Amino acid sequence: MPIADTAEFLIEPRWLLPVAPGNAVLEGHAVAVGGGRILALGPAAELRQRYPTYARLVRERHALVPGLVNAHTRACHTLLRGLPVRGPRPRWLLEVLAPLERRALSADLVRDGTRLAIAEMLRAGITCYADESPLPEESARVAAAAQVRALIGLPVGDAAGAWAEDATAHFARAAALWDEYRNDARIGLYFAPQPIAGVSDATLVRVRRVADELDARIVIHLEELHHAWGARRVTHLQALGLLRPGFAAIGALDCNEEDAQLLARHGAALIACPQAELRLQRGVRLLPGARPGALGTDTPAACHALDLLAEARSVALLHGLPALEALRLATLEGALTLGLAAQIGSVEPGKSADFVCFDLDASGCRPATDVAAAIVFGATRAQVSDVWSAGRAAVSDGRLRLFDEEELAAIASRWAQRLALEAAA
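Residues numbered from 1 in each chain as written. Predicted model: local features only at pLDDT ≥ 70, side-chain atom pairs only at ≥ 80, totals over all residues. Heavy atoms only, no water.

## Concerning the overall build of the protein
Move 1: Helices and strands together make up the secondary structure of the protein, namely 16 helices and 17 strands.
Move 2: Along the longest, intermediate and shortest principal axes, the C-alpha atoms of the protein span 60 × 45 × 40 Å.
Move 3: In the protein, which comprises 425 residues, the share counted as buried stands at 61%.
Move 4: A separation threshold of at least 6 residues defines the contact pool for the protein, and within that pool the share at least 24 residues apart is 69%.
Move 5: Of the roughly 16400 Å² of accessible surface on the protein, 50% is carried by carbon and sulfur atoms.
Move 6: With 44 positive and 49 negative side-chain charges, the protein shows a spacing of 1 Å between the two charge centroids. (Helix = DSSP H or I, 4+ residues; strand = E, 2+ residues; numbered from the N terminus. Buried < 20%, exposed > 50% of the residue type's maximum accessible area, 1.4 Å probe, protein only. Contact = heavy atoms within 4.5 Å. Areas by Shrake-Rupley, 256 points an atom, 1.4 Å probe, with all protein chains shown as cover. Lys, Arg positive; Asp, Glu negative; His and termini not counted. Charge placed at Lys NZ, Arg CZ, Asp CG, Glu CD.)

So, in structure tokens, the structure goes:
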């Protein structure tokens, strides 16, 4: 897997959308990159004078935005696409997804599925993701080898699962993995309690205590709590002391305004995965006020495509958000939710050089009089021309640089045949 060398260069797009400190659209600007970080941004002519030896990358038809942040996914499920998708979500997880995952789960499935997911996400402009994985060691190793930024969930439950036989074993394995990655600049960890498999109040309180000691994040899916706690889900989480900065609840379409306000008062985040939520809910009910703080794709077995731009479009349409605000959700707000806003999420000096270029010279985007709207409502992931991760070119001219696409196709084909046999068993 060849890795492009980090270089010193100037990116000169037609439009620059830095997201912060001001959510504006700039023309005639450039970004200077060195050592994998953003050194400066400003008028292109000025930066060319300040950095005369830097290579110039001119993108005359393009908009440059921060790398997209996928705040929740299940990466290895790229290999489980094609299952029937019928809500409600807990029943689908238990009756459709879980049986196949149990039969097929292996370290190879997690490794190969995660590699496919990383390649797909990079091709879609996603430079950071949070992954809820059944075998987190394998997921972390794949992300580390690919040199991408990822947060890997540590599953915790009372019952035996793929990772451990009970809650005590889950915590022991989590501690060992935490020690392994505690100083890794790219790979982070968070706690992912598994209510669908059974998790007691005592275990959730222990998760809170351990997370507080480690300054770790906790993420839990609201709809998976419904069968145990019903409409009292968020207030019960509050009673257990879980609602705090660093806690995130997944399921914006399943969260009412009162619960959303309660989360916000405690500094907790609300993650929306609109395409998966819409597919897995029995009926669509838009709940004003339950505006998300970040976007995710959830499992590709439900949403199919790992496409955060499509998620941004969906949430903008559902909530009537302006395009610039939807783009902020897909970048800086996602970074804030994952605790990474000091490193990524906007084009600001000192941050990691994680960028995406969209080619807006396409029929759905012309004329680009409103550039943010052209990206959110007009563009598709096929218009991602360039992606940089910490200054390394991950995608150039629409082609992956970090993976062999023929090898990826062979992996997908091999698993399709194998899983077809598993599904028929």
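There's plenty left to go through after this.
## Some words on the sheet that holds strand β7 (residues 126-131)
Move 1: Across the sheet, which stays open at both edges, the eight strands sit in the order β6-β7-β8-β9-β10-β11-β12-β13 with parallel pairing between neighbours. Of all strands in the sheet, those with a lone pairing partner are β6 (68-73) and β13 (294-295), marking the two edges.
Move 2: Relative to strand β8 (residues 149-156), β7 runs parallel, the two being bridged by four bridges. Paired with C128 across the bridge in β8 is R149. (Pairing = 2+ DSSP bridges.)

## Some points on helix α9 (residues 257-265)
Move 1: Regarding α9, the residues found buried are D259, A260, L262 and L263. The buried residues of α9 occupy an angular sector of 160° when the element is viewed end-on, so they sit on one face. Of the exposed residues in α9, those oriented more than 90 degrees away from the buried face are E258, A264 and R265.
Move 2: Against α8 (233-239), β11 (247-250) and β12 (269-272) lie the buried residues of α9.
Move 3: Two or three places before E258, at the start of α9, stands the capping residue N256, its side-chain oxygen 3.2 Å from that residue's backbone nitrogen.
Move 4: Of the residues flanking the end of α9, it is G267, one or two places downstream, whose phi is positive at about 75°. (Arc of directions from axis to C-beta. Polar contact = N/O pair within 3.5 Å; in protein donor to acceptor, adjacent residues only side chain to side chain.)

## A word on the side chain of R208
Move 1: With respect to the element layout, R208 can be found in helix α6 (residues 201-214).
Move 2: Nearest to the buried, unbridged R208 among oppositely charged side chains is D212, at 4.2 Å. (Salt bridge = Lys/Arg side-chain N within 4 Å of Asp/Glu carboxyl O.)

## Here's the deal with the nonpolar core
Move 1: In terms of nonpolar packing, the biggest core is built from 113 residues, with L122, F191, F247 and L360 touching the most fellow members.
Move 2: With eight residues, helix α3 (residues 107-123) is the single largest residue contributor to this core.
Move 3: Setting aside its immediate chain neighbours within four residues, F247 contacts I218, I220, L237, L242, L263, A268 and A269.
Move 4: In this structure, A20, C273, L332 and I344 belong to the second largest nonpolar core, which totals 22 residues. (Core = buried A, V, L, I, M, F, W, Y, C linked by side-chain atoms within 4.5 Å.)

## Considerations on the pairing of strand β5 (residues 55-66)
Move 1: Pairing analysis gives seven bridges linking strand β1 (residues 9-16) to β5, with the strands arranged parallel. Looking across to β5, one finds that L10 is bridged to R56.
Move 2: In the sheet, β5 pairs with strand β14 (residues 355-359) via five bridges, with the strands oriented antiparallel. Following the sheet pairing, H62 is matched in β14 by D359.

## Overview of unusual backbone geometry
Move 1: Cis geometry marks the peptide bond from A20 to P21; its omega dihedral reads 5°.
Move 2: By the secondary structure assignment, P21 is in the loop between β1 and β2 (26-27).
Move 3: Phi is positive for V19, close to 75°, though the residue is something other than glycine.
Move 4: As for its position among the elements, V19 is in the loop between β1 and β2.
Move 5: You can call V19 buried: its relative accessible area is 0%.
Move 6: A positive phi angle, near 60°, is found at Q147, a position not held by glycine.

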